[in-house]
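# Working through the structure, step by step
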Amino acid sequence: MGNKLVLVGGGGHCKSILSSIDINVYSDIVIVDSREKVGDTVDGILIGGTDDDLPSLFNNGYSNAFIAVGTTSSNTNRQCIYESLKKIGFSFPSIIDPSAIIAKSSMIEEGVFVGKNAVVNAGSRIGRFCIINTGVIVDHDCSIGSFVHLSPGVILSGAVTVGNNTHIGTGACVKQCVTIGKNTTIGMGSVVIGNMPSNCTAFGVPCIVREES
């Protein structure tokens, strides 16, 4: 794996990623962001260009890219960034903080971020471009779709299924064997004790559907 890496996005989530990167693997990192931020730094790393500079960066050996834009309730922007990067030809490594605990029998797909003190237990699968944030617990045999964001402190008990593009808010807890659909938002602090459909916003203790889209 090459030692050059482009981070797309220079906000708060980028700081978390930078603090987890192994500098022995990626010793040459550049960030791209909006034009007005070019020349600034994020924790000492230069914002060296905008999205318009991505093709030239790729041609200059920055073959690895990582989406450093976080999410709130929608992952649409992250998916659009991925499509643009894929067309250029970038590869998408996963970045896993050294403090995270990843079971040998789990599977982490491309472009995933696993933050500090997170746990991915035996038999679980984390889909492409997920964010598994600080202190998240994904217990055994969970199946997490692509572009899912598990916010800090989320707890998924065993055999939970989460559909693509779903966002689970900070501190939410999900009972074992529950299925949460795709494109769904679970509010922070919720306690999910039953299945949640796709395309909805749900929150509460217990968590119930509040809005369908």
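Just above, that's the structure.
The structure contained in this document is the topic of the report that follows. For clarity, every value in this text was computed on a predicted model and none was experimentally measured.

The next subject is the packing of aromatic side chains. Two descriptors summarise a pair of aromatic rings, namely the distance from one centre to the other and the angle between the planes of the rings. Enumeration according to the criterion identifies six aromatic pairs in this entry. Plain terms: the ring middles of Phe-92 and Phe-129 are 5.2 Å apart, the flat faces sit at 75 degrees to each other, and that makes the pair edge-to-face. Of this pair, Phe-92 sits in the loop between helix 3 (76–88) and strand 6 (95–96) while Phe-129 sits in the loop between strand 11 (125–126) and strand 12 (131–132), and the two are 37 residues apart along the sequence. As far as the burial class goes, Phe-92 and Phe-129 line up, both buried. Sitting above the plane of the Phe-203 ring, Arg-210 keeps its charged end 4.5 Å from the centroid.

Okay, the environment of Val-138 next. With respect to the secondary-structure elements, Val-138 resides in strand 13 (residues 137–138). Residues Val-138 and Val-160, 22 residues apart in the sequence, show an inter-C-alpha distance of 8.5 Å. Those residues in contact with Val-138 that sit more than four places away from it in its chain are Val-119, Val-120, Asn-121, Ser-124, Ile-126, Ile-132, Leu-150 and Leu-156.

An order of 8-11-14-17-20 is seen for the five strands of this open sheet, with the pairing classed as parallel. Lying at the two open borders of the sheet, with one neighbouring strand each, are strand 8 (107–108) and strand 20 (179–180). Judged from the two bridges that link them, strand 11 and strand 14 (residues 143–144) form a sheet pairing that is parallel. By the bridge assignment, Arg-125 is partnered in strand 14 with Ser-143.

What the six strands build is an open sheet, ordered 7-10-13-16-19-22; its pairing is parallel. Edge positions in the sheet fall to strand 7 (101–102) and strand 22 (191–192), since each has one partner strand and no second.

Another point: the pattern of salt bridges. Taken as a whole and judged by the stated rule, the model has five salt bridges. A salt bridge links Lys-37 to Asp-33, with the shortest nitrogen-to-oxygen separation between them at 3.9 Å. Accessibility expressed as a relative area gives 33% for Lys-37, which makes it partly exposed. On the basis of relative accessibility, which here comes to 17%, the residue Asp-33 falls in the buried class. Put simply, Glu-110 and Arg-128 hold a salt bridge, and the shortest N to O gap is 3.2 Å. Note that Glu-110 is positioned in the loop between strand 8 and strand 9 (113–114) and Arg-128 in the loop between strand 11 and strand 12, a separation of 18 residues in sequence. With a relative accessible area of 23%, Arg-128 lands in the partly exposed category.

Each α-helix winds once per 3.6 residues, and so residues spaced three or four apart point in a common direction. With 13 residues, helix 3 should reach 18 Å at 1.5 Å per residue; the first-to-last C-alpha distance of 19 Å fits that figure. Taken as a whole, helix 3 has its buried residues at Arg-78, Ile-81, Tyr-82 and Leu-85. Down the axis of helix 3, the sector holding all buried residues measures 105 degrees, keeping them to one side. Those residues of helix 3 that are buried are in contact with strand 1 (4–8), helix 2 (54–59), strand 5 (64–67) and strand 12. Backbone geometry just after helix 3 places Gly-89 at a positive phi near 120 degrees.

To continue, consider helix 1 (residues 12–20). For helix 1, the full list of buried residues reads His-13, Cys-14, Ile-17, Leu-18 and Ser-20. Viewed along the axis of helix 1, the buried residues span an arc of 165 degrees, placing them on a single side of the element.

Turning our eyes to something else, we now look at unusual backbone geometry. What is expected of a backbone is that most residues other than glycine have negative phi and most peptide bonds are trans. With an omega of 0 degrees, the peptide bond between Val-205 and Pro-206 qualifies as cis. Tracing the sequence through the fold places Pro-206 in the loop between strand 23 (200–203) and strand 24 (208–212). A positive phi angle, near 60 degrees, is found at Phe-129, a position not held by glycine. The class for Phe-129 is buried, based on a relative accessible area of 2%. One non-glycine residue, Asn-165, adopts positive backbone phi at about 65 degrees. If you trace the backbone, Asn-165 turns up in the loop between strand 17 (161–162) and strand 18 (167–168). Exposure remark for Asn-165: the relative accessible area of 17% places this residue in the buried category.

Conventions adopted
Residues numbered from 1 in each chain as written. Predicted model: local features only at pLDDT ≥ 70, side-chain atom pairs only at ≥ 80, totals over all residues. Heavy atoms only, no water. Phe/Tyr/Trp six-rings, centres within 6.5 Å; stacked < 30°, edge-to-face > 60°. Helix = DSSP H or I, 4+ residues; strand = E, 2+ residues; numbered from the N terminus. Buried < 20%, exposed > 50% of the residue type's maximum accessible area, 1.4 Å probe, protein only. Lys NZ or Arg CZ within 6 Å of the ring centre and 35° of its normal. Contact = heavy atoms within 4.5 Å. Pairing = 2+ DSSP bridges. Salt bridge = Lys/Arg side-chain N within 4 Å of Asp/Glu carboxyl O. Expected span 1.5 Å × (residues − 1). Arc of directions from axis to C-beta.

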